[in-house]
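Letter by letter, the chains look like this.
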Amino acid sequence: MFKNKIKNIPKHIGIIMDGNGRWATLQGLSRNMGHKEGINAVDRTINALIKFGVKVVSFFAFSTENWKRSEEEVNGIFNLTRDFLHSKRNNFKERGVRITTIGELSPFPEDLKKELDKTKEDTKNNDKLIVNLALNYGGRADIVRAVNNLIDKGATKVTEQDILENLYTGELPEPDFVIRTSGEERISNFMLYQMAYSELYFPKVLWPNFNERHLRKALKVYSKRNRRYGGIK
Ligand code: FPP
């Protein structure tokens with residue numbers, strides 16, 4: 001069968017989608033057109049991930065640092081995300097996609113929050129692929145929030161497991177593999193705690209150009225990695 005051609009398919013992949021702005025500049029388009037094409041790449045990648053049998057994907061869609069961008073760009077990303085969720089909601093159900101989020105959603109516009117709530121609710125019983133959107137997410141803020149949650153619950157000492165369970169990712173497995181496109185080799189405050197033993201991969205392709213072929217190559221690279229978790233193989 002097609003998906004069995006590659007061994008050791010990671011259960012959870014994190015994707016730092018970088019290069020939308022550069023892609024747009026190269027085409028002589030606005031940055032928001034780059035994000036629009038970036039969303040098309042998200043949808044394409046969802047299909048490819050299902051095909052390869054990946055169970056969870058976390059997309060870094062909006063970081064706690066992205067508020068520094070122009071109002072026009074920030075609003076553009078919000079509107080594109082809202083419209084994407086709205087137009088694809090039924091299609092997510094058909095594909096067995098469950099949408100979840102990590103990050104602090106409260107500062108987002110009401111229309112986007114409503115769309116997120118409805119999409120999460122409508123897709124909560126789907127189990128083919130969890131598409132976890134990191135929105136207003138920062139890895140450090142995630143750890144601080146987890147510790148504060150534990151303090152609120154009365155903890156005076158915490159364990160690694162306590163923190164892990166109180167992160168936004170809660171029940172989700174830790175990412176086995178994290179891909180950042182566009183050739184930049186940084187983590188940029190993505191899932192810091194959860195990525196302790198993740199395999200990292202930095203292909204040159206700009207995110208809007210990412211397709212099934214790039215994913216297949218990435219999965220082949222992952223299948224050859226030798227994960228030791230600090231031990232000896
Ligand atoms: C990085 O490219 C991309 C972002 C900061 C935003 C990406 C967001 C989307 C594609 C929308 C995602 C929405 C969903 C629903 C998953 P960049 O702008 O930093 O590119 P550059 O480094 O080339 O300027």
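This report concerns the structure included in the present document. (Residues numbered from 1 in each chain as written. Predicted model: local features only at pLDDT ≥ 70, side-chain atom pairs only at ≥ 80, totals over all residues. Heavy atoms only, no water.)

**A short note on helix α3 (residues 71-95)**
- Between its first and last C-alpha atoms α3 spans 34 Å; for 25 residues at 1.5 Å apiece the expected length is 36 Å, and the two agree.
- Considering bend angle alone, the principal kink of α3 is centred on Lys88 and spans about 55 degrees.
- If you check which residues of α3 are buried, you get Glu73, Val74, Gly76, Ile77, Phe78, Leu80, Thr81, Phe84, Leu85, Arg89, Phe92 and Arg95. (Helix = DSSP H or I, 4+ residues; strand = E, 2+ residues; numbered from the N terminus. Expected span 1.5 Å × (residues − 1). Bend = angle between axes of the 7 residues up to and from the residue. Buried < 20%, exposed > 50% of the residue type's maximum accessible area, 1.4 Å probe, protein only.)

**What to know about the site of the ligand**
- As a matter of local geometry, the ligand sits amid 17 residues, with Met17, Gly21, Arg22, Arg31 and Arg69 nearest to it.
- Arg31 is positioned with one of its side-chain polar atoms (N or O) 2.8 Å from an oxygen atom of the ligand.
- Between the ligand and the protein, one listed contact pairs an oxygen atom with a side-chain N or O atom of Arg69 at 2.9 Å.
- For the ligand, the cavity whose grid points lie within 2 Å of the majority of its atoms is the largest pocket.
- Elements that contribute at least two residues to the shell around the ligand include exactly α1 (20-27), α2 (31-52) and α3. (Near = heavy atom within 4 Å. Polar contact = N/O pair within 3.5 Å; in protein donor to acceptor, adjacent residues only side chain to side chain. 1 Å grid on protein atoms, 1.4 Å probe; cavity = no way out; pocket = protein on both sides within 12 Å on 5 of 7 lines; lining within 4 Å. Sits in = over half its atoms within 2 Å of the grid points.)

**Section: a positive patch on the surface**
- Together, Lys5, Lys217, Lys220 and Lys224 line one region of the surface with positive charge.
- Its place among the elements puts Lys224 in helix α7 (residues 212-224).
- Residue classification places Lys224 among the exposed residues on the basis of a relative accessible area of 69%. (Patch = residues over 30% accessible without salt bridge, like charges linked within 9 Å, V, L, I, M, F, W, Y side chains within 5 Å. Areas by Shrake-Rupley, 256 points an atom, 1.4 Å probe, with all protein chains shown as cover. Salt bridge = Lys/Arg side-chain N within 4 Å of Asp/Glu carboxyl O. Lys, Arg positive; Asp, Glu negative; His and termini not counted. Charge placed at Lys NZ, Arg CZ, Asp CG, Glu CD.)

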